[in-house]
Amino acid sequence: MKIITQPADLPGFLKNFSAPRILVPTMGALHEGHLTLVRHARQLAGDSGCVILTLFVNPTQFDRPEDLKRYPRTLENDIHLCESHGVDVVFAPEPGSMYQPDHSVSVVESALSHPLCGATRPGHFDGVCTIVLKLFNLTQPDTAVFGKKDYQQLAVIRRMTRDLNVPVHIEGVETIREPNGLAMSSRNTRLTPKQHADAPRIRRALLAAHSAHENGETSAQTLLEIARQEIMATREGAEIDYLELLDADSLQAIDPVTAPAIIATAVFYDTVRLIDNMELTG
Ligand code: AMP
């Protein structure tokens, strides 16, 4: 496995591999969720193709400086995990090598970015689109693999590749969870033990809405209220940042829920913000 830190070194090294070339973009602090994406990438690449994993805590997608500062960084362990999971190339650049001091061009997505995480994190998805397009340009993958845990991010990136004719196939992978149902996240390490024990209620809340919908309830308001009550039963001070029920494709509010939809939430435990979502069939 090769570790590359300078963008200019990528193209030359990547020439050593045959197709296909599969990219897994991450911000590091790798856990089983990321490793599932790596396994999927390895399968797609086969024995002779190339799996590239990027480790980069992208400053332009953080709206809160303290979140950027506190984002866990575990480079040595990440590299070790990449090595043992069959990654061919780790690209781990310094921010200074990815953004010129006077950089002035970025990608703006102006529809799917508005609800959910975009409503409370101004500029977040423009930062995501910009770094993902830069990584696509640097690595020129055939396929890039993303997790459905970040459902809105996946939708925004699909839209970017469609609208800008980016020749990269986008694959979505199901959310990987801890045994108690909590979606795996690098941020989980920042929860206190009590918060960690409380946080699976996020999943329970979405499951409760899902099962009410399966039993015939189509009122978005009722489904959201079912989920809200489960989250608000917290004894650890969990606070809802957003809880929304949206059309699965357009990410517009939907009521009644008679087409494929997602129910998605972000919940704060102190400064730790956790997200999760669940798909509802129409
Ligand atoms: P991050 O490092 O948080 O930016 O995540 C990098 C990639 O891993 C994104 O495509 C995420 O959606 C994906 N990912 C993070 N957590 C999970 C999870 N629990 N299950 C599946 N994919 C995940």
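Note that the structure is a prediction, hence the values are computed from the model and not measured.

(A) Quick peek at the sheet that holds strand β1 (residues 2-4). The strand order across the open sheet formed by 6 strands is β1-β4-β3-β2-β5-β6, and the pairing between neighbours is parallel. If you trace the sheet from one side to the other, it starts and ends with β1 and β6 (169-173), each paired once. This sheet shows a mean twist of 25 degrees between the axes of neighbouring strands, independent of strand direction. Taken together, the 5 bridges between strand β5 (residues 143-147) and β6 define a ladder with parallel strand orientation. The partner of T143 across the bridge, within β6, is H169. In the packing of helix α4 (residues 75-84) onto the sheet, the strands contacted are β1, β3 (50-55) and β4 (89-91), and the crossing angle to β3 comes to about 170 degrees.

(B) Expanded view of the packing of helix α10 (residues 201-214) against helix α11 (residues 220-232). Orientation of α10 relative to α11, taken along the N-to-C sense of each, is 155 degrees, at an axis distance of 8 Å. Between α10 and α11, the interaxial angle falls into the category roughly antiparallel. Relative to α11, the crossing made by α10 is right-handed. For the pair formed by α10 and α11, the contact residues are R201, R204, A205, A208, A209, A212 and H213 on the first element and L223, I226, A227, E230 and I231 on the second. The class makeup of the residues in the contact of α10 with α11 is 8 nonpolar, 1 polar and 3 charged.

(C) A look at α11. End to end, α11 covers 18 Å across 13 residues, agreeing with the expected 18 Å (1.5 Å per residue, within 8%). Every buried residue of α11 is accounted for by A220, L223, A227 and I231. The buried residues of α11 occupy an angular sector of 75 degrees when projected down its axis, which confines them to one face. Among the exposed residues of α11, those pointing more than 90 degrees away from its buried face are Q221 and Q229. Buried residues in α11 make contact with α10, β7 (239-247), β8 (261-269) and β9 (272-280).

(D) How the structure looks around the pairing of β3. Of all 6 residues in β3, 6 are buried, a share of seventy percent or more. Note that strand β2 (residues 21-26) and β3 share 6 bridges and pair parallel. Residue V24 lies in a different strand from β3, and its bridge partner there is L53. Assessed by its sense of winding, the connection that carries the chain from β2 through helix α2 (residues 32-45) to β3 is right-handed. Alignment of β3 against β4, held across 3 bridges, turns out to be parallel. In the strand pairing of β4, I52 is matched with V89.

Calculation notes
- Residues numbered from 1 in each chain as written.
- Predicted model: local features only at pLDDT ≥ 70, side-chain atom pairs only at ≥ 80, totals over all residues.
- Heavy atoms only, no water.
- Pairing = 2+ DSSP bridges.
- Helix = DSSP H or I, 4+ residues; strand = E, 2+ residues; numbered from the N terminus.
- Axes fitted to C-alpha atoms, helices over the stretch in contact; angles between N-to-C directions.
- Contact = heavy atoms within 4.5 Å.
- Parallel < 35°, antiparallel > 145°, perpendicular 65-115°, else oblique.
- Left-handed = near helix turned anticlockwise from the far one by under 90°.
- Nonpolar A, V, L, I, M, F, W, Y, C, P; charged D, E, K, R; others polar.
- Expected span 1.5 Å × (residues − 1).
- Buried < 20%, exposed > 50% of the residue type's maximum accessible area, 1.4 Å probe, protein only.
- Arc of directions from axis to C-beta.
- Right-handed = clockwise from strand over helix to strand, strands pointing away.

As far as function goes, none of this settles anything; it's purely spatial.
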